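Listed below are the residues making up each chain.
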Amino acid sequence: MATPLKVLVTGATGRTGSLVLQKLQALPEKFIAKGFGRSPEKATEIFGNTDNFYFGSILNPTDLEVAITLPAMTIYQVKGKWLEVA
Ligand SMILES: NC(=O)c1ccc[n+]([C@@H]2O[C@H](COP(=O)([O-])OP(=O)(O)OC[C@H]3O[C@@H](n4cnc5c(N)ncnc54)[C@H](OP(=O)(O)O)[C@@H]3O)[C@@H](O)[C@H]2O)c1
């Protein structure tokens, strides 16, 4: 069985990002999916808790740095264009 792809979904408390994250998390054999957002309150409202979430501003490289330390992480940016970092 292939190793699950680690994915960080930014904008994960938004309309598109939350759906993307939910879909990825429903396939744990294929993806280890984490969310990146700026509101723990919104994350809790949508996902029930803040497990598997990182918080910060997408505009702050330091905030993102913490979230992308997982090896082989792919980032999907849902605010603006899609961005993939292998
Ligand atoms: N091509 C298509 O078919 C298609 C369809 C739908 C959407 N889109 C595009 O996808 C993008 C997202 O759309 P959406 O409807 O999901 O928008 P949305 O609901 O407004 O979600 C945007 C997300 O980005 C987060 N965000 C904004 N600034 C941030 C920052 N500085 N740091 C961290 N997070 C930040 C917001 O956080 P908060 O939750 O804290 O506000 C929110 O979760 C847009 O660019 C839209 O044009 C494309």
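Cut-offs applied
- Residues numbered from 1 in each chain as written.
- Predicted model: local features only at pLDDT ≥ 70, side-chain atom pairs only at ≥ 80, totals over all residues.
- Heavy atoms only, no water.
- Helix = DSSP H or I, 4+ residues; strand = E, 2+ residues; numbered from the N terminus.
- pLDDT = per-residue confidence, 0-100.
- Core = buried A, V, L, I, M, F, W, Y, C linked by side-chain atoms within 4.5 Å.
- Buried < 20%, exposed > 50% of the residue type's maximum accessible area, 1.4 Å probe, protein only.
- Contact = heavy atoms within 4.5 Å.

Colleague: What am I meant to see in unusual backbone geometry here?
Modeller: Backbone phi values are negative for most residues with the exception of glycine, while trans is the configuration of most peptide bonds. One non-glycine residue with positive phi stands out, namely Asn 52, at about 65 degrees. Mapped onto the fold, Asn 52 is located in the loop between helix H2 (40–47) and strand E3 (53–55).

Colleague: When you look at the confidence of the model for the protein in this model, what are you seeing that I'm missing?
Modeller: One rule of thumb: low pLDDT means the predicted coordinates there are not for detailed reading. Scored by pLDDT, the protein has a mean of 84; 80% of the residues are at 70 or more. Model confidence for the protein, summarised as mean pLDDT per element, is weakest for strand E4 (residues 73–76) at 67 and strongest for H2 at 97.

Colleague: I keep staring at the nonpolar core and nothing clicks. Help me out?
Modeller: One broad trend across soluble globular proteins is that nonpolar side chains are buried collectively. Judged by nonpolar contacts, Val 7, Val 9, Ala 12, Leu 21, Leu 24, Ala 33, Ala 43, Phe 47 and Phe 53 together constitute the single largest core of nine residues. Looking at this core, the elements that each hand over two or more residues are strand E1 (5–10), helix H1 (15–25) and H2. In this structure Phe 53 touches Ala 12, Thr 13, Leu 21, Gly 35, Phe 36, Gly 37, Ala 43 and Phe 47, once residues within four positions along its chain are discounted.

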